[in-house]
Amino acid sequence: MHFACITQPPNGASYLVYIKVMNRRRNVWSYPEVRWIAGLWLVSILAACEPSWIVPETRARDFIEALVTSPTEMEQLRDVANLSSERHPEELLDDLSARVGLDYLRTLQAQGESLKFVQGESRRLGETRRTVKVHVTYLQPGTPTMGEVRFLVRIEANGQNHWRIAHVTGDN
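Residues numbered from 1 in each chain as written. Predicted model: local features only at pLDDT ≥ 70, side-chain atom pairs only at ≥ 80, totals over all residues. Heavy atoms only, no water.

**Some details on the nonpolar core**
The tendency in soluble globular proteins is for nonpolar side chains to be buried side by side. Of all hydrophobic cores here, the largest spans 30 residues; its most connected members are Phe63, Ile64, Leu105, Phe151 and Val153. Elements represented by at least two residues in this core include exactly helix H2 (57-69), helix H3 (74-81), helix H4 (96-110), strand S4 (129-139), strand S5 (146-157) and strand S6 (163-170). Per-element tally for this core: the top contributor is H2, with six residues. Discounting chain neighbours no more than four positions away, the residues touching Phe151 are Ile64, Ala98, Gly101, Leu102, Leu105, Val132, Lys133, Val134, Val136, Val168, Thr169 and Asp171. (Core = buried A, V, L, I, M, F, W, Y, C linked by side-chain atoms within 4.5 Å. Buried < 20%, exposed > 50% of the residue type's maximum accessible area, 1.4 Å probe, protein only. Helix = DSSP H or I, 4+ residues; strand = E, 2+ residues; numbered from the N terminus. Contact = heavy atoms within 4.5 Å.)

**Some thoughts on H2**
Counted at 1.5 Å a residue, the expected span for H2 with its 13 residues is 18 Å, and the 19 Å between its end C-alpha atoms agrees. Turning to H2, its buried residues are Glu57, Thr58, Ala60, Phe63, Ile64, Ala66, Leu67 and Val68. Check the buried side of H2 and you find it contacts H3, H4, strand S3 (116-124), S4, S5 and S6. (Expected span 1.5 Å × (residues − 1).)

**A closer look at H3**
Every buried residue belonging to H3 is among Leu77, Arg78, Val80 and Ala81, and all of these are buried. Projected down its long axis, H3 shows its buried positions confined to an angular sector of 165°, all on one face. Residues of H3 that are exposed and point more than 90 degrees away from the buried face comprise Glu75 and Asp79. Buried residues along H3 sit in contact with H2 and S6. A positive phi of about 60° marks Asn82, the residue just after H3. (Arc of directions from axis to C-beta.)

Written out as structure tokens, the structure is:
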């Protein structure tokens, strides 16, 4: 039979608690191989996770956020959209709904409203193309309810797997 003994750590550090596995004769057992297996298991789980800053869909959310919050920062917008220097980032807006939604969100931003940019559903259109929904939520003025403006952002990859924003449409 095994049980755990809770002891205070050495050097008077009272905020830490050590748990030792002991057998019934009160001998402490050490399991270094268990620690190695647990460490390898943790490293393999972390390696299997794809960090959010590498996922190409986050580029869509970052682009919409930059369009709304800092429209005059052309270099930042071109960098996020992966555009050449001769193209203007607002050329990527394909329809009236996207332009009206962008203008409305910029107005809310200028009035001090808090906007929340959320990456929504993503749909693969092949190996090199994806469509991402981006939701921008805000508190409707004068009411306790939330409003939302949605965008559909199409991203494409070139031969070197560099993702770029292809076009943006409204999804309202």
